[in-house]
Amino acid sequence: MKHHLSSLLFVLCVLCIAKQSGCYKILAIVATPSYSHQIPYRRLWLELHKRGHEVVLATANPIPNIKSPNFTQIDISKSYGKIKSLDFVQMRFEGKRWLYFIQEEMLPMGEVFAETVFNSTELRKLYAPDSNATFDVFLTEVLFLPSIYAFAHRFDVPIIGLSSLGLVGFNEHALGGFILPSHEYTWEMEENTGTNLSFFKRLCNFVNMWRAMYYIYYEMFPYHQKLAEKYFGPLPPMMDILKNVSMLFVNQADVMTPARPKLANMITFTASHIEKKPKPLPKDLQAFLDGATNGFIYFSLGSNAKSASLPLEIRRMFCDVFTKLPYRVVWKFEEDFPEKPDNVYIGKWLPQQTILAHPNIKLFIYQGGLQSSEETVYYGVPVLGFAILADQDYQVARMEALGIGKSLEITTLKKDELENAITELITNKKYKERILYVRNVVQDTPLDPVENLAWWTEYVIRTKGAPHLRSNLAFQPWYQRCDMDIVVFLTIVLFLIASNTFHIIAQIVVYVRKKVKSTEKQKIS
C-alpha cells in the first residue's frame with residue numbers, strides 16, 4: 001500500500017512539474033487608446049490565461065470581471081484624452097487625409113501614448129533595472145509606436161507583432177515584404193489604389209508612399225529611439241528590434257482582402273471579438289426595433305468619429321432622407337438631437353452587435369471600421385460606407401468590390417444619391433445573397449482562430465523566436481532587395497552597347513557617304 005501511495009505521489013509530482021514547465025509568462029502592451037485596437041485581441045488574452053499561462057496586459061480598455069492572480073491588467077487609458085481631442089470628421093471635410101495625419105498628428109499623439117505606457121507605475125516597477133520580473137514573449141502593436149519595442153530588449157524576449165487594421169506599409173518593408181504603392185491592399189493610399197491605374201496616378205502613389213516611408217524611417221524612428229532611451233538607457237536601434245519580430249498576428253479575413261504576397265511569419269485571423277451571446281437591448285430600443293414592421297436601418301460612425309461632428313447641412317440631409325423612407329432608423333449620435341425625425345431613435349452608445357443580430361435589420365450605414373465590417377458580414381447585413389480616416393477608404397471600397405455594399409463620399413454627398421443608394425441596397429436582393437455567401441466563406445475554416453493564435457504564441461516561445469520564419473530580405477539594402485543595382489548595371493551596359501553601336505553605324509554611314517562623293521567626283525573629272 002505504501003509503495004502504491006509513493007508511486008502515486010511521484011506521478012502527481014511529475015505531472016505538476018510538467019504542467020509548470022509548460023506555463024509561460026506573457027507580457028502584452030496595446031498602447032493605442034481606441035476600442036477597435038483593443039477588442040480584437042481580448043479573446044487571445046483569455047485563451048492564453050485559460051491554457052495556464054501568466055498574462056500581464058497593459059491596455060486602454062481593461063477586460064471587466066477578471067479576478068485571477070495569473071492575469072494582471074494595467075490600465076493605460078489616460079491617453080484617451082489625446083485621441084478624443086481630435087475631430088476626425090472635421091479633418092475629412094478639411095481634406096486632411098491619412099498621409100497628412102501621419103506627418104502632422106502621429107508624432108505628438110504617439111509621444112503621449114508612449115509616455116503613458118512608460119510612466120505607468122506598474123510598468124515602471126516591471127522594467128526598473130533592479131526588477132526581477134521575467135517574461136517569455138512580448139506581444140505589442142506594430143503600428144507607429146516603435147519606442148514600445150524597448151520592452152522586448154529589456155526582458156530579452158521575442159516579439160509577436162499585432163495589427164488590428166492590416167499591415168502598415170513601412171512594417172511590411174522593414175520585415176522583408178514588398179511595397180506595392182498602387183495595390184488595393186495598400187490602404188495608406190486610401191481611394192487612389194486599384195487595377196489598371198494611369199501612369200500619372202501610379203507615379204503619385206509611388207512618390208507619396210516613399211515620402212511617407214522616408215518620414216517614418218528618418219524622423220519618427222529616431223524620435224522614438226530617444227524617447228525609449230530616456231526611460232531604458234542605451235538601446236539597440238528600434239528598427240533592428242522591429243526587423244527581428246518573430247510573428248505577426250494581423251486582424252483581417254483573407255476573403256475580404258485582395259490577394260498579394262504575404263510574409264511567412266504573418267498569421268491572419270478575423271471576427272475574434274464577435275460575441276456568441278449578444279448583450280440585451282434596452283427595453284425602449286427593443287420595442288422600437290420589434291415594432292419596425294418594414295425593417296430598420298442602423299447608422300453609426302464608430303467609436304472615434306462622431307456623427308455629432310457632421311456639418312449641419314449633412315445632418316439635415318440624412319434627416320430629410322430618413323423621413324421619406326418607410327423604415328425606422330437607429331442612429332448613434334453623441335449629443336442631444338431635438339430636431340430628429342419621429343422614425344429615428346438616437347443613442348450616444350449602442351450595443352452594435354445586438355442591433356446587427358436583430359431580424360428586422362435591413363442596412364448598416366457605417367464609416368468602414370474593420371471590426372464593424374467583420375460584424376456586418378457575420379450577421380449578414382449589407383452596408384453603405386462613408387469612410388472617415390485611415391484604412392476606412394480601403395474597407396468600404398472592398399465591401400463594394402465584394403458586392404456586399406456601396407461606398408459614398410461624405411464630403412460631397414447629395415440627397416438623391418443617398419436615397420438611391422439606400423433604396424438599392426435594401427430592395428435589390430443580390431446584396432443580401434452576396435453577403436451571406438461571403439459570410440459562409442469566412443466561417444469555412446478548420447481551426448478556431450483564437451486557439452490558432454494561442455498555439456502560435458506558444459510555438460514562438462518553444463522555438464526561441466521562430467527565426468526560421470523571418471524573411472532575410474529585411475536585412476538586405478533596398479537596392480539589393482529589388483536588384484536595383486543589377487537593373488542599373490544592365491541599363492548602363494545596354495546604353496553603352498547601344499551608343500557604341502550607333503556610333504559605329506554613324507561612322508560607317510559617314511565613311512560610305514564620303515566614298516560615294518569621292519567616286520562621283522572621280523567620274524566627273
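Within any chain, residue numbers begin from 1 and follow the written order of that chain's sequence. For this predicted model, a pLDDT threshold of at least 70 governs which residues receive local features, and a threshold of 80 or more governs which side-chain atom pairs are given and counted, while totals over whole chains, interfaces and linings are taken from all residues. The basis for every side-chain value is the complete set of non-hydrogen atoms in the structure, without hydrogens or water.

J.: How should the overall build of the protein chain be read in this particular structure?
T.: Put simply, DSSP marks the helices as runs of H or I at least four residues long and the strands as runs of E at least two long, and each gets a number from the N terminus on. Assigned secondary structure in the protein chain consists of 22 helices and 13 strands. If you line up the protein chain on its principal axes, its C-alpha atoms span 125 × 80 × 45 Å. By the burial criterion, 50% of the 525 residues in the protein chain qualify as buried. Two residues form a contact once any of their heavy atoms are found within 4.5 Å. Long-range contacts, defined here as pairs at least 24 residues apart, represent 65% of the contacts in the protein chain between residues at least 6 apart. Per-residue and other accessible areas were derived by the Shrake-Rupley procedure at a 1.4 Å probe size, with only the shown protein chains allowed to occlude residues. Split by element, the accessible area of the protein chain, about 25,900 Å² in all, is 58% carbon and sulfur. When charges are tallied, Lys and Arg are placed among the positive residues and Asp and Glu among the negative ones, while His and the ends of the chain are skipped. Charge coordinates come from a single atom per side chain, which is NZ of Lys, CZ of Arg, CG of Asp or CD of Glu. Distance from the positive charge centre (57 side chains) to the negative charge centre (51 side chains) of the protein chain: 4 Å. Burial classes: relative accessible area under 20% of the type maximum marks a residue as buried, over 50% as exposed, and values in between as partly exposed (1.4 Å probe, protein chains only).

J.: Help me out: how do you make sense of the nonpolar core in this one?
T.: Soluble globular proteins tend to bury their nonpolar side chains together. If you look at the biggest cluster of nonpolar residues, it comprises 110 residues, and the most contacted ones within it are Phe 151, Phe 318 and Ile 422. Top element by residues in this core is helix 11 (residues 199–232). It accounts for twelve residues. Sequence-distant contacts of Phe 151, that is, excluding residues within four places in its chain, are made with Leu 27, Ile 29, Val 117, Phe 118, Leu 123, Tyr 127, Phe 138 and Phe 232. Here the nonpolar core consists of buried residues drawn from Ala, Val, Leu, Ile, Met, Phe, Trp, Tyr and Cys, with membership extended through side-chain atoms lying within 4.5 Å.

J.: Got a minute to help me understand the pairing of strand 9 (residues 328–332) in this structure?
T.: Consecutive side chains along a regular strand alternate between the two faces of the sheet. In terms of burial, strand 9 is a largely internal element, four of the five residues being buried. In the classification by handedness, the crossover that spans strand 8 (residues 296–299), the intervening helix 14 (residues 312–324) and the parallel strand 9 is right-handed. In this analysis, strands are considered paired if DSSP registers two or more bridges between them. Alignment of strand 9 against strand 10 (residues 344–347), held across four bridges, turns out to be parallel. Bridge assignment links Val 329 to a residue of strand 10, and that residue is Val 344. We call a crossover right-handed when, viewed with both strands directed away from the observer, the connection leading from the first strand over the helix to the second proceeds clockwise.

J.: Help me understand the side chain of Thr 193, please; the structure alone is not making it clear to me.
T.: Its place among the elements puts Thr 193 in the loop between helix 10 (169–174) and helix 11. Look at Thr 193 and you get buried, because its relative accessible area is 17%. Setting aside residues no more than four positions away along its own chain, Thr 193 makes contact with Pro 181, Ser 182, His 183, Glu 184 and Thr 186.

J.: For this particular structure, what's the right way to read the UniProt feature "transmembrane region" (unreviewed entry) in the protein chain?
T.: Using the residue numbers shown here, the UniProt feature "transmembrane region" (unreviewed entry) corresponds to residues 486–512. Taken end to end, residues 486–512 is 100% helix and 0% strand, and its two terminal C-alpha atoms sit 38 Å from one another. UniProt positions are given in the numbering used here, feature names are shortened, and annotations may be inferred rather than shown by experiment.

J.: Whenever I open this one, empty space enclosed by the protein confuses me. Can you help?
T.: The probe, sized like a water molecule, is rolled over the atoms to show the empty space still left. In this analysis, the protein atoms alone were mapped onto a 1 Å grid. Cavities are point sets where a 1.4 Å probe fits without being able to get out; pockets are open sets with protein on both sides within 12 Å along at least five of seven lines; lining residues have an atom within 4 Å of a point. Grid points are joined across faces, edges and corners, and a volume is the space filled by probe spheres set on the points. Overall, the coordinates contain three cavities of 30 Å³ or more when judged by the stated rule. Lining the largest cavity are 13 residues, with Gln 252, Thr 257, Leu 370, Tyr 394 and Gln 395 positioned closest to its centre. Grouping the amino acids of the lining of the largest cavity by side-chain chemistry returns seven nonpolar, five polar and one charged. There is about 70 Å³ of room inside the second largest cavity. The wall of the second largest cavity is formed by Trp 98, Leu 99, Ile 102, Phe 144, Val 168, Gly 169, Phe 170, Glu 188, Met 209, Ala 212, Met 213 and Ile 216. For the lining of the second largest cavity, the secondary structure elements donating two or more residues are helix 6 (98–104), helix 10 and helix 11. Residue classes follow a fixed rule: Ala, Val, Leu, Ile, Met, Phe, Trp, Tyr, Cys and Pro count as nonpolar, while Asp, Glu, Lys and Arg count as charged, and any other residue, Gly among them, counts as polar. Its residues assigned to classes, the lining of the second largest cavity comprises ten nonpolar, one polar and one charged.

J.: How should the environment of Thr 270 be read in this particular structure?
T.: Here Thr 270 is to be found in the loop between strand 7 (266–269) and helix 13 (283–290). With relative accessibility at 15%, the residue Thr 270 sits in the buried group. Placed 114 residues apart in sequence, Thr 270 and Leu 384 show a C-alpha to C-alpha distance of 21 Å. Distance and chemistry together define a polar contact, namely a pair of N or O atoms within 3.5 Å, with one atom able to donate a hydrogen and the other to accept it when in protein, and with adjacent residues in sequence counting only for side-chain atoms on both sides. Of note is the side chain of Thr 270, whose polar atom sits 2.9 Å from the side chain of Glu 374.

J.: Explain the pattern of salt bridges here, please?
T.: Close approach of charged atoms lets side chains of opposite charge pair. For this document, the term salt bridge refers to a Lys or Arg side-chain nitrogen within 4 Å of an Asp or Glu carboxyl oxygen. This structure, assessed with the given rule, holds 14 salt bridges. Its salt-bridge partner being Glu 115, residue Lys 230 comes within 3.3 Å of it at the nearest N-O pair. Residue Lys 230 is found in helix 11, and its partner Glu 115 is found in helix 7 (residues 106–118); the two are separated by 115 residues along the sequence. Classification of Glu 115 by relative accessible area gives buried; the value is 15%. Here the residues in one salt-bridge network are Glu 47, Arg 51 and Glu 458, joined through shared partners.

J.: Hey, could you run me through the confidence of the model for the protein chain in this one?
T.: When pLDDT is low, close inspection of the predicted coordinates is not appropriate. Every residue carries a pLDDT, the predictor's confidence in it, which falls somewhere between 0 and 100. Chain-level pLDDT for the protein chain is 87 on average; 95% of the residues reach the 70-or-more range. Predicted confidence for residues 8–21 stays below pLDDT 50, and this span has zero contacts to residues more than four positions away or in other chains.

J.: Honestly, the sheet that holds strand 4 (residues 137–141) in this entry has me stumped. Any pointers?
T.: Think of a sheet as strands paired side by side through backbone hydrogen bonds, with each pair either parallel or antiparallel. Reading across from one edge, 3-2-1-4-5-6-7 is the order of the seven strands in this open sheet, with parallel pairing throughout. The outermost strands of the open sheet, each flanked by one partner alone, are strand 3 (71–75) and strand 7. In this sheet, neighbouring strand axes are inclined to one another by 15° on average, regardless of whether the strands run parallel or antiparallel. Where strand 2 (residues 54–59) lies against strand 3, five bridges are found, and the strand directions are parallel. Residue pairing in the sheet places Val 56 in a bridge with Thr 72 of strand 3. Here, axes are lines fitted to C-alpha atoms. For helices the fit covers the stretch in contact, and angles between N-to-C directions go from 0 to 180 degrees.

J.: How should unusual backbone geometry be read in this particular structure?
T.: Glycine aside, negative phi is the norm for most residues, and most peptide bonds take the trans geometry. Positive phi, close to 65°, is recorded for Asn 65, a residue that is not glycine. The topology assignment puts Asn 65 in the loop between strand 2 and strand 3. A relative accessible area of 75% places Asn 65 in the exposed class. Phi is positive for Lys 464, close to 55°, though the residue is something other than glycine. Secondary-structure assignment places Lys 464 in the loop between helix 20 (449–462) and helix 21 (478–481). Classification of Lys 464 as exposed rests on a relative accessible area of 73%.

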